[in-house]
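Residue-level listing of the chains:
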Amino acid sequence: MATKLDPHHLVALMSYAFKDKQDGSPRCLDPSLHSLKGGIVDNYETNVRTFPILDALAHISVSRKESQVIAIGLQLNSRKQEIRLTVAENQKVTDGLVNHLTKIWRKLQALSGEYEKNRGGRWDKSEPRSPEMPKKVGLSLKMGILRDIYQYSLEKQMRRIDKWSEGLRRFIKELLERRVFLHLQGFELSLYKAVVALLLAVEVVSKLHDNPKDQLTESEWELVYFQSILASEHVRIVLADRKEFVCELLAQELGDHLFRDPFQLRRALEKLTSLPRHIETLFRFAHSPRLRPALRYRLFVSAVPQKAHTVKLPASPEEWKSFLEVACYKRYDFQEMHAVELAEGFGSSKWVCPVHCECGLIQYLQTRQGNQWDRVPPFSYIGVSKLSCSACRIWIEIFNEQCGPKFYTRGSHGKWYWPWGIPRAEGPLVGVMARKVLDEYLAHLESQKLLRSNSVSSGVSSDGAEHGLSDDDRKDAEAVGATIVQDRRGSGLGFFDARG
Ligand SMILES: [Zn+2]
């Protein structure tokens, strides 16, 4: 049964009810539960492997320091050998972004061609993995791609560096002061190696930021690349035992006098390795013989036009109070206070509510645009630069309950954001959206013991894994780091002292 309440008002109410907290429903996609349509090849296993590629393309599309979220959809016309990426943002997609994606794709095509030439038909489809390439193959093409991506995303990357690298450096220095360095082992040794490699890469990238007119040399880019991959490999080991909470326990142990709250070690490591990890995913895409068709086809890039609604929320405590009474079907004591806080929090002016990129993209792909792509089914997976908010998660769920095509992203972080705009302001989904959000609101009130009866569901999560350096590359990259740490040792832990 649908409700007459405006879904926008209910989403605003949920963002008030949860503020910055998660609503208990963060969840990750489990691909085994879904069938996929419109992938690069007619093979489920291969198409699942393209999820991280679409996420990587969305990730490298972010350039602004904050509040920029990107979604990317894929269509493939194998008969005409054409491929289309459709890009959506919460705000307007710029020409600069379309050009950036086109340029990176061309370079990935060149890299894929170089790998193909080197394989020279030596690849047998029955082998689980394609043959290893000598380190030098494609290296200068890879460094060109790395440079373009870092330069485009520099502001965003510096934001991550500024936010996390200093805390991480202090954290590892504290660890070294508490332990006998030579006796570091297991998880702590991996952490140490990860941080040395990360800080080396950060130092070089920061040079580019401090003096934007300077260019890094080829060998500096190689250092950024090899140290970043090395860091990602060690970080993967550090973060692997999620269930043991080793990061959290260590942060607690070292946290007492260093930081007021335990350092968010896991988050720092994830954030600082995210860009190079996604770049590595794109290199693996170019390396894959199975996915080669995608990089041989002619590329089209489309941008979804920005869409937003103007929404007027209840403006006074009285209006919010009668809204809450309708939502809860009756009057409760708590409504009075909530109504006052809601009116104070949201004010009385109109809100411009942007349609979030993943929902805008799905709506766009489902609407006839009057071009040759109308008849090409889009790939079921949408790449995103950030997990979806709860309102988007619910909208995608109800979209998928219709009898048409279904779409998935890698999941939701379980937070409610305001302002949020519904992709289509008319049609049957509006009432269903309102009903679903209202159900979650009532379940929340129930869990707070503010009502009498209701129920709620929750989700589970999973994570992916990636490959990386050859043994020789790893030894080389570790030797570079060890030498630099040794050179700067000075009175003991010089490498980990604050930068000048
Ligand atoms: Zn959203």
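For the structure given in this document, a descriptive report is provided here. Residues take numbers from 1 onward in each chain, read along the sequence in its written order. Restriction of local features to residues with pLDDT of at least 70 applies here, the model being predicted, together with a cutoff of 80 or more for giving and counting side-chain atom pairs; totals for whole chains, interfaces and linings are based on all residues.

Here we look at the overall build of the protein chain
Numbering of helices and strands runs from the N terminus; a helix is a DSSP stretch of H or I covering at least four residues, while a strand is a stretch of E covering at least two. Secondary structure assignment for the protein chain yields 17 helices and eight strands. What you see for the protein chain is a C-alpha radius of gyration of 25 Å, in line with the 23 Å of a compact globule of 500 residues. In terms of its C-alpha atoms, the protein chain occupies a principal-axis envelope of roughly 70 × 65 × 45 Å. Relative to its 500 residues, the protein chain shows a buried fraction of 38%. Each residue gets a C-beta atom placed from its backbone, and two residues are in contact if those atoms lie within 7 Å. For the protein chain, restricting intrachain contacts to residue pairs at least 6 apart in sequence, the fraction spanning at least 24 positions comes to 79%. Computation of the radius of gyration draws on C-alpha atoms, with the globule rule given as 2.2 Å multiplied by the number of residues to the power 0.38. With C-beta atoms placed from the backbone, a residue counts as buried when 20 or more other C-beta atoms lie within 10 Å of its own, as exposed when 12 or fewer do, and as partly exposed for counts between those limits.

Side note on the environment of Ile-70
With respect to the secondary-structure elements, Ile-70 resides in strand E2 (residues 70-77). C-alpha of Ile-70 to C-alpha of Cys-357: the two residues are 287 residues apart in sequence and 6.1 Å apart in space. Excluding its chain neighbours within four sequence positions, the residues that come into contact with Ile-70 are Ala-58, Ser-61, Val-62, Val-87, Glu-89, Cys-357 and Ser-385.

Things to note about the sheet that holds E2
The criterion for strand pairing is that DSSP finds at least two bridges linking the strands in question. On the basis of which strands lie adjacent, the open sheet formed by four strands has the order E4-E3-E2-E7 and mixed pairing. Looking at strand neighbours, the two that pair on one side only are strand E4 (298-303) and strand E7 (383-384), the edges of this open sheet. Pairing between strand E3 (residues 82-89) and E4: six bridges, direction parallel. Residue pairing in the sheet places Ile-83 in a bridge with Leu-299 of E4.

A short note on the environment of Arg-410
Among the secondary structure elements, Arg-410 is positioned in the loop between helix H15 (390-401) and strand E8 (411-412). Spatially, the C-alpha atoms of Arg-410 and Phe-263 are 27 Å apart, while their sequence positions differ by 147 residues. Excluding residues that lie within four positions of it along the chain, Arg-410 makes contacts with Cys-28, Leu-29, Phe-51, Asp-55, Val-384 and Leu-387.

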